[in-house]
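What the coordinates show
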Amino acid sequence: MPIDTSQLLKTTSLFLVIFTACFYTNSKQILIYKSMASSSSSSHSVPASISQSWNYDVFLSFRGEDTRKSFVDHLYAALEQQGIHTYKDDGTLPRGESIGPALLKAIQDSRVAVVVFSKNYADSSWCLDELAHIMECMDTKGQIVMPIFYHVDPSDVRKLKRKYGEAFDKHSVGDHNLKVESWRKALERAGKLSGWVINDIENSLPNLKILHLSDLKNLITTPDFDGLPCLERLILSWCKSLEEIHPSIGYHKRLVFVNLNCCERLKSFPPIIHMKKLETLNLLVCEQLQQFPDIQSNMDSLVTLHLDSTNIEIIPPSVGRLPGLKLLDLSNCWNLVELPDLPSSIAILKAQHCQSLEIIGDLSYYKWLWKVSLWGCDKLIGGERVLHSMLEGNAAKDRFMSVSLSVVEPSSRIFTRLVTLQLPSNWYSDFSGLLLFLRDNNDGEVGHDIDIKQETSTFDCSEESDEDEDWKQWEYEVVGYVPFNSLRHIPWLNPTYTKNISFHSCYGVGLNVELVRSKNKTVDLNENPIDYSECWDEDRKTFEIMYDSQSSNIRIVWKHE
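Conventions and cut-offs
- Residue indices follow the written sequence of each chain, beginning from 1 at its first position.
- Only residues with pLDDT of at least 70 are given local features in this predicted model, and only at 80 or more are side-chain atom pairs given and counted; all residues enter the totals for whole chains, interfaces and linings.
- Remark: hydrogens and water are excluded; side-chain values derive from all non-hydrogen atoms of the structure.
- Take a side-chain nitrogen of Lys or Arg and a carboxyl oxygen of Asp or Glu: if they are within 4 Å of each other, that pair is a salt bridge.
- Counting from the N terminus, the helices are DSSP H or I runs at least four residues long and the strands are E runs at least two residues long.
- Buried, partly exposed and exposed residues are distinguished by accessible area as a fraction of the type maximum, computed with a 1.4 Å probe on protein chains only: under 20%, between the cut-offs, and over 50%, respectively.
- Each pair of strands is called paired provided DSSP finds at least two bridges between the two strands.
- In this description, a line fitted to the C-alpha atoms serves as the axis of each element, helices being fitted only across the stretch in contact, and the angle between N-to-C directions of two axes falls anywhere from 0 to 180 degrees.
- The span you would expect from a helix comes to 1.5 Å times its residue count less one.
- Polar contacts, as counted here, are pairs of nitrogen or oxygen atoms within 3.5 Å of one another; within protein the pair requires one atom able to donate a hydrogen and one able to accept it, and residues that are adjacent in sequence qualify only if both atoms are side-chain atoms.
- To form a nonpolar core, buried Ala, Val, Leu, Ile, Met, Phe, Trp, Tyr and Cys residues must be joined to one another through side-chain atoms within 4.5 Å.
- What makes two residues a contact is simply this: any of their non-hydrogen atoms within 4.5 Å.
- Any angle that is under 35 degrees is reported as roughly parallel, and any over 145 degrees as roughly antiparallel; angles of 65 to 115 degrees are reported as roughly perpendicular and all others as oblique.
- In this scheme the handedness of a crossing depends on how the near helix is turned from the far one: anticlockwise by less than a right angle means left-handed, clockwise means right-handed.
- Three residue categories are used. Nonpolar comprises Ala, Val, Leu, Ile, Met, Phe, Trp, Tyr, Cys and Pro, charged comprises Asp, Glu, Lys and Arg, and polar comprises the others, including Gly.

Observations concerning the pattern of salt bridges
For the structure on display, the rule yields 16 salt bridges. Asp-57 is the partner of Arg-111 in a salt bridge, and the nearest nitrogen-oxygen pair spans 2.7 Å. Here Arg-111, found in strand β3 (residues 110–117), pairs with Asp-57, found in strand β1 (residues 56–61); they are 54 residues apart in sequence, far enough to count as distant. Note on accessibility: Arg-111 and Asp-57 belong to one class, buried. In this structure, Lys-559 engages Glu-544 in a salt bridge whose closest nitrogen and oxygen atoms are separated by 3.8 Å. Placement of Lys-559 in the segment after β22 (553–558) and of Glu-544 in strand β21 (residues 543–548) is noted, with a sequence separation of 15 residues between them. Here the salt bridges do not stand alone but share partners, grouping Asp-449, Asp-451 and Arg-555 into one network.

Structure follows, in structure tokens:
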């Protein structure tokens, strides 16, 4: 049957990527791979006590007439291209040496033995001698053995059936009858090892849903993704040599999650044509990435887009083709000067340490936007305008808000550790919530706790002095909006009894508290609670309201990083 070269190359390439992923991470740690297709649950591991220096990464054992000019040649070339030093008898054996002892020595000096069991492998006494020695090295030297069953059923290998049984019938009556038993044991053990069945790879790879290949230090390009039509999750994080993603990824209709975190040499992401189901795209710390992904069609499902620490300078209007986007992270994009109009669905915008950022437009249009991080944007003027434009949004009254800023403008506010707020008699009808201003001297990587009590209560640390603190000189400010409706479950917070409230910042940062006047709606603390599931947040909640019924304390746990 003629060989389909293109399919062979694709299969070899995919095998290589999977093989490399579970091959070798550093000089002291080897990852044990998971079988893709094995008829036995048996596996092997490397004795932890063995310390060995190796001359080769991989020794290839194969039957030349079956696979030398096809699968093995392609596999050998691909392994060498990925920096995996591989021994193949006709490719690395110096002229003039005896092939027998040289091969046995090469086996002993190889960290991993890849045995390609093909139809005629057992016909060769030389191959069987190699295999017996490989299995011995697995026991004595901690060598890893990775079998590939190339158009062969693993049960035929371990049970000596079909072509393997015929070969042993011949060996039993020939000159090798003294070695037959050792060969039989070697085949039986190798046939039980976890490995790959090439027939199954060609048939089962199209059904693969998760491909996790992190920390492949020598991976330069990815294979064609057309052969993985069911793939849903692709993780290639920390592939520091990766330079190119195959363009086929832009047409992939099933991918939901793509993580290319810390692919430091990646300069671009292929044009996105048909990635309709993609929900998360993570290009964080792709330091050479200079352009925002070219989005050529609406991506209704994309929710989170991480572009932190890239070299992007311009956010194009095509970002409007992300109608479901909730989180956009542009932190540490040092060359970014201006933010364009964003999708109306945006909930969280991160742009910490965008040192060139000068302009942010009117945010009042984004009624779901409630969290903005602008630490370290030292050229940005009008930080409070960002906050107030957010408060003008339609959803402002009933949802938390968190805005972090660098202090670049003077403020008339007075900051102390302890604030007592005298509530006006109409506070429950004319005001919608509280604005909490915190001045801090760190870069916002930690959160803050704020305790709230009726004014008659006393805080444990209320006697701390503010005399030595000049919070106006501190560099960072975080502003939070807490709607009264989020506190409706607090028994003592009601218009009849609550007249004064005390606030205390638990970690010694400066605090200021203001009331936010309601635009239209009278606050009803007895109405049904707000469904905060609509207020999209990351896995780690930004705001949590905690109430201790014994002490009557309210604690706001605020993680604004």
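Topic: the sheet that holds strand β17 (residues 448–454)
With antiparallel pairing, the five strands of this open sheet are ordered in space as β15-β19-β17-β22-β21. Since the sheet does not close on itself, it has two edges, and those belong to β15 (418–422) and β21, each with one partner. Strand after strand, the sheet turns through a mean of 20 degrees between neighbouring axes, direction not considered. Pairing analysis gives five bridges linking β17 to strand β19 (residues 500–505), with the strands arranged antiparallel. Paired with Ile-450 across the bridge in β19 is Ser-505.

Quick look at the pairing of β17
Counting buried residues along β17, six of its seven residues qualify, which places the element largely inside the surrounding structure. Here β17 runs beside β22; their pairing, made up of five bridges, is antiparallel. Looking at the pairing, Ile-452 lines up with Ile-554 of β22.

A few points about helix α5 (residues 125–141)
Taking 1.5 Å as the rise per residue, α5 with 17 residues should run 24 Å; its terminal C-alpha atoms sit 23 Å apart, in good agreement. Every buried residue of α5 is listed here: Cys-127, Leu-128, Glu-130, Leu-131, His-133, Ile-134, Met-135, Cys-137, Met-138 and Lys-141. Residue Ser-124 occupies the N-cap position of α5, its side-chain oxygen lying 3.2 Å from the main-chain nitrogen of Trp-126. Note on α5: the residue one or two positions beyond its end, Gly-142, has a positive phi of about 75 degrees.

Comments concerning the side chain of Asp-451
Examined against the element boundaries, Asp-451 turns out to sit in strand β17. At 2.7 Å, the side chain of Asp-451 forms a polar contact with the side chain of Arg-555.

Re the nonpolar core
In this structure, Leu-260, Leu-374 and Phe-503 are the most contacted members of the largest nonpolar core, which totals 102 residues. When residues in this core are grouped by element, the largest group, six residues, is from strand β16 (residues 431–440). In contact with Leu-374, not counting residues within four places along its chain, are Ala-351, Gln-352, Leu-357, Ile-360, Leu-380, Val-386, Ser-404, Leu-405 and Ser-406. Of all hydrophobic cores here, the second largest spans 34 residues; its members include Tyr-87, Ala-106, Cys-137 and Tyr-164.

What to know about the packing of helix α7 (residues 163–172) against helix α8 (residues 180–192)
At a minimum axis separation of 11 Å, α7 and α8 run at an interaxial angle of 165 degrees. By the angle class used here, α7 and α8 are roughly antiparallel. Helix-helix and strand crossings are classified by hand; for α7 and α8 the assignment is right-handed. Within the contact between the two elements, α7 uses Tyr-164, Phe-168, His-171 and Ser-172 and α8 uses Val-180, Trp-183, Arg-184 and Leu-187. Taken together, the residues that form the contact of α7 with α8 break down as five nonpolar, two polar and one charged.

Observations concerning the packing of α5 against α8
Relative orientation of the contacting elements α5 and α8 amounts to 65 degrees, with a least axis distance of 9 Å. For the pair α5 and α8, the sense of crossing is left-handed. On α8, the residues touching Ser-125, Leu-128, Asp-129, Leu-131, Ala-132, Met-135, Met-138 and Asp-139 of α5 are Trp-183, Ala-186, Leu-187, Arg-189 and Ala-190. Its residues assigned to classes, the contact of α5 with α8 shows nine nonpolar, one polar and three charged.

Topic: the sheet that holds strand β5 (residues 196–197)
Reading across from one edge, β2-β1-β3-β4-β5 is the order of the five strands in this open sheet, with parallel pairing throughout. Each of the sheet's edge strands pairs with one partner strand only, and the pair in question is β2 (86–87) and β5. In this sheet, β2 lies alongside β1 in parallel orientation, the contact comprising two bridges. Within β2, the position partnered with Val-58 by the bridge is Thr-86.

A closer look at α8
Between its first and last C-alpha atoms α8 spans 19 Å; for 13 residues at 1.5 Å apiece the expected length is 18 Å, and the two agree. Buried residues belonging to α8 abut β3, α5, β4 (144–149), α6 (154–159) and α7.

Regarding the pairing of β3
Counting buried positions over the eight residues of β3 gives eight, a clear majority of the element. As judged from the five bridges shared by β1 and β3, these two strands associate in the parallel manner. Its bridge partner being in β3, Phe-59 is matched across the sheet by Ala-113. Here β3 runs beside β4; their pairing, made up of six bridges, is parallel. When the bridges of β4 are listed, Val-116 appears paired with Ile-148.

Read these as layout, nothing more, since geometry by itself doesn't imply function.
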